[in-house]
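Report on the structure
Read off the chains here:
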Amino acid sequence: KHRNTHISWLGPKGPMRRGAAGTASAARLHEGKAAKSKPAASSKELGPAAEQAAGLDGQAPLPEQLPTNEIKALATLRKFMGKRGVVDKKDGIRGLIASMKKDADSLEALVKRALHSLGADETPETIGPMVDQLQELYIRTPAQLEKSFKCEDTIDDLRHLFRGRLMPAMKHELKLYHAKVALQRAATSMAAPVETPRPITRRLKLVRCELSQLSHIDQLSQTFRVRVSVSFCIEGGALDEDLSKQFDGFPVDEDGRPTYRPSAVWYLSQLDFPNGHDLHVLESKVAVVGNDLHLIQRVEGEFFERFELHAFPFDAQDLTVTMCFNCAKNGPVPVELSCPPSAVLGIDVTTFAFSDVWDLNPTLSHELTTVGACKTAQFPAMNIRACACRRANFVLVNVAVPMGFISLMPATIFVVSVEETAEMLNIAVTVMLTAVAFKFVIAAYLPQISYMTLIDKYIQFCNGITYLSALLVAIVGGLQNWVCAPASPPSFCVRADGTDFARGLGLILHQIFFAIVVASWLLLHAWFIYRARKAQGQETEKGIGRVETSPKARRRRRRMAKDGSAKRDALVPNFSYRNLLSITSSPRISPRWSPASTPGTSTPPTTRFRPARDAAQTPNVSQQRQRSRQASRELPLSRVRHPSPFES
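Residues numbered from 1 in each chain as written. Predicted model: local features only at pLDDT ≥ 70, side-chain atom pairs only at ≥ 80, totals over all residues. Heavy atoms only, no water.

**Quick notes on a negative patch on the surface**
What counts, and what does not: Only residues whose relative accessible area exceeds 30% and that take part in no salt bridge are eligible for patches, with like-charged residues grouped when within 9 Å of each other and nonpolar side chains (Val, Leu, Ile, Met, Phe, Trp, Tyr) grouped when within 5 Å. Only the protein chains shown count as cover for residues, and all accessible areas are computed by the Shrake-Rupley method using a 1.4 Å probe. Whenever a carboxyl oxygen of Asp or Glu lies within 4 Å of a side-chain nitrogen of Lys or Arg, that contact is scored as a salt bridge. The charge count treats Lys and Arg as positive and Asp and Glu as negative. His and the chain ends do not count. Taken as the charge location is NZ of Lys, CZ of Arg, CG of Asp or CD of Glu. The helix count covers DSSP runs of H or I at least four residues long, the strand count covers runs of E at least two residues long, and both are numbered beginning at the N terminus.
Negative charge collects at one region of the surface, where Glu152, Asp153, Asp156 and Asp157 lie side by side. By the secondary structure assignment, Asp156 is in helix H8 (residues 155-161).

**A few points about the confidence of the model for the chain**
Let me state the cut-off plainly: Within a predicted model, pLDDT stands for the predictor's per-residue confidence, ranging from 0 to 100. Residue contacts follow a heavy-atom distance rule, with two residues in contact if any of their heavy atoms lie within 4.5 Å.
Averaged over every residue, the pLDDT of the chain is 74; the share at 70 or more is 62%. Contacts for the low-pLDDT stretch residues 631-648, under 50 throughout, to residues beyond four places or in other chains number 28 contacts.

**Section: the side chain of Gln297**
Here is the rule: Counted as a polar contact is a pair of N or O atoms within 3.5 Å, where, for protein atoms, one must be capable of donating a hydrogen and the other of accepting one, and residues adjacent in sequence contribute only when both atoms are in side chains.
Among the structural elements, Gln297 can be located in strand S7 (residues 292-304). Within the structure, the side chain of Gln297 is placed 3.4 Å from the side chain of Ser284, a separation counted as a polar contact. With residues up to four places along the chain from it excluded, the contact list for Gln297 reads Val228, Ser229, Val230, Leu268, Leu271, Phe273, Val281, Glu283 and Ser284.

**Looking at the nonpolar core**
Basically, it comes down to this: What makes a nonpolar core is a set of buried Ala, Val, Leu, Ile, Met, Phe, Trp, Tyr and Cys residues whose side-chain atoms join them at distances within 4.5 Å. Buried residues are those whose accessible area, probed at 1.4 Å on protein chains only, stays under 20% of the maximum for their type, while exposed residues exceed 50% and partly exposed ones sit between those limits.
In this structure, Leu206, Val228, Phe232 and Ile455 are the most contacted members of the largest nonpolar core, which totals 83 residues. When residues in this core are grouped by element, the largest group, 10 residues, is from helix H13 (residues 454-483).

**Looking at the pattern of salt bridges**
Taken as a whole, this structure holds 14 salt bridges when the rule is applied. Residue Arg202 is joined to Asp240 by a salt bridge in which the shortest nitrogen-to-oxygen separation is 3.1 Å. With Arg202 in strand S3 (residues 202-218) and Asp240 in the loop between strand S4 (223-234) and helix H10 (264-269), this pair connects stretches of sequence that are 38 residues apart. On the accessibility criterion, Arg202 (10% relative accessible area) is buried.

**Considerations on the packing of helix H5 (residues 107-117) against helix H6 (residues 124-136)**
Applicable threshold: With axes taken as lines fitted to C-alpha atoms, and helix axes fitted only over the stretch in contact, angles between N-to-C directions fall between 0 and 180 degrees. Just so you know how the angles are binned, under 35 degrees is roughly parallel, over 145 roughly antiparallel, 65 to 115 roughly perpendicular, and the rest oblique. In this scheme the crossing of two helices becomes right-handed for a clockwise turn of the near helix relative to the far one and left-handed for an anticlockwise turn of less than a right angle. We call Asp, Glu, Lys and Arg charged. Ala, Val, Leu, Ile, Met, Phe, Trp, Tyr, Cys and Pro are nonpolar, and the rest, Gly among them, are polar.
Two elements in contact, H5 and H6, have axes separated by 10 Å at closest approach and are oriented at 130°. Our classification of the angle between H5 and H6 gives oblique. In the packing of H5 onto H6, the handedness of the crossing is right-handed. Each of Leu107, Glu108, Val111, Lys112 and Leu115 in H5 lies in contact with H6, whose residues at this interface are Thr126, Ile127, Met130, Val131 and Leu134. Here the contact of H5 with H6 is built from residues that sort into seven nonpolar, one polar and two charged.

Now the structure itself:
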């Protein structure tokens with residue numbers, strides 16, 4: 001095939017280095033012929049006899065313009081290698097290439113053939129130690145062995161290993177190895193190019209995603225633990241022969257080339273959770289629903305999430321689960337994800353283990369995105385987010401309230417007499433030491449992060465008030481002892497009537513400094529309450545709304561969870577979905593009304609889906625309107641949660 005490629009051919013008298021033009025001469029020399037080489041002829045002109053001689057009968061035909069001398073050379077080489085025991089004589093050139101693919105790069109096969117040519121023992125007990133010694137010399141491939149034969153530093157070790165006639169046999173097998181590699185390259189180049197199948201984009205639609213058993217929200221390690229149940233749908237997948245196969249590997253054809261038509265089981269095996277850690281697959285299956293294929297998987301483990309604690313203890317955290325398919329968008333098997341409005345997204349609130357510390361939003365949000373470090377290799381992904389709001393009562397009662405009272409204690413300094421400066425300083429230092437000791441005690445309740453949270457700023461401002469009070473006491477003492485000392489008071493410290501001006505000045509300063517400390521304390525707590533209310537009204541970093549944290553809302557959620565009434569209409573009290581079974585076509589007619597139940601009335605009462613009452617208990621229209629307004633104020637329409645089907 002290649003006229004300019006030099007190949008080491010093995011003739012009856014040893015190796016000969018010849019080009020493609022001399023290949024025919026080598027073949028004629030081996031067959032004992034001296035005829036001149038003929039011009040190029042096609043395989044069709046040669047007929048089946050030539051193909052049979054070359055060992056290609058019944059197989060794929062060679063190219064049209066393959067020279068006659070090349071066919072003879074290939075046939076001669078096949079016969080020679082058959083005599084050497086490399087390949088069976090009945091196999092063709094394709095069989096020779098198939099055998100080369102198995103052991104072309106194997107050092108063990110090379111040593112085995114060398115021992116076989118000498119008639120020596122070729123058992124694994126003999127070959128294994130030789131290969132191990134070669135690996136100790138960092139020789140792992142036939143190419144490295146050939147270079148080692150030419151290196152002066154390693155030739156002595158090889159002579160000690162391959163003693164006697166084994167050394168020439170190894171060199172002989174190396175030359176035969178090069179001939180096989182060259183023949184494999186030539187046969188590969190002769191093969192017709194295979195077109196890569198056109199990529200088919202598989203569209204996976206999210207059907208259901210449920211989070212349950214949420215626990216272990218660790219703000220120090222930035223992780224949370226949850227169980228994820230997810231189901232994707234391939235519409236019409238059951239009618240696709242490739243997708244319906246029960247084979248989780250990547251498909252290949254008869255020649256070993258990939259077909260790029262994997263099954264649904266293979267796509268399910270590519271489902272990955274990039275932000276997951278220590279995941280355990282509890283269930284993984286492909287279900288047939290009509291003409292669709294549903295890819296179902298259930299995993300449990302820890303997931304990483306970067307918590308935002310700037311508003312601690314009034315923070316709300318996004319708990320994100322990222323699902324990704326390891327099928328590049330620009331690759332041969334692309335995947336496209338979608339989340340239709342009919343998708344069921346929910347989180348099991350009843351199995352939440354930290355309901356006393358966090359308020360969990362019962363709704364989930366989704367976001368379609370891509371993941372990947374390189375721009376050329378982007379993988380489709382989907383983020384499923386839940387929102388957990390911290391209940392700040394514990395931190396407020398055990399940290400904020402005691403610290404607020406400690407910071408108010410310095411105001412009592414200015415109640416002491418003006419002359420007792422030492423007593424005032426003693427109180428100031430005692431309050432400072434108390435604040436420092438209390439800060440060490442509450443350190444375990446606060447997140448250990450590099451930036452300051454809201455409660456950290458509050459504690460620092462409280463300590464600042466304590467330090468300011470000690471500084472003001474020092475100023476008053478300095479004026480008393482340095483400027484207006486009783487031993488030699490200056491003229492401006494004594495009034496005309498003989499009274500002590502220093503005492504009067506000290507009283508005035510005490511009143512001013514007391515007002516400054518109290519005003520600072522009040523302003524600090526007003527700022528803290530404002531920031532807390534603002535944090536509670538803000539959305540999370542990803543734009544998810546917070547759940548109501550008022551005591552009334554908590555009681556309502558606890559009552560609904562206890563009664564199992566997730567389907568309760570929150571706008572109208574005393575209503576359950578059981579009454580829907582008897583509701584008539586008119587939306588304003590009470591389902592239990594009848595003329596006999598309300599004597600003296602001919603028209604049904606107009607209630608908002610409320611069970612009928614007796615005539616004595618039926619309220620008037622004004623009372624109904626008042627109750628409807630009150631129910632609307634308690635729970636706006638924007639906060640009505642529509643339950644998912646699997647919550648029943």
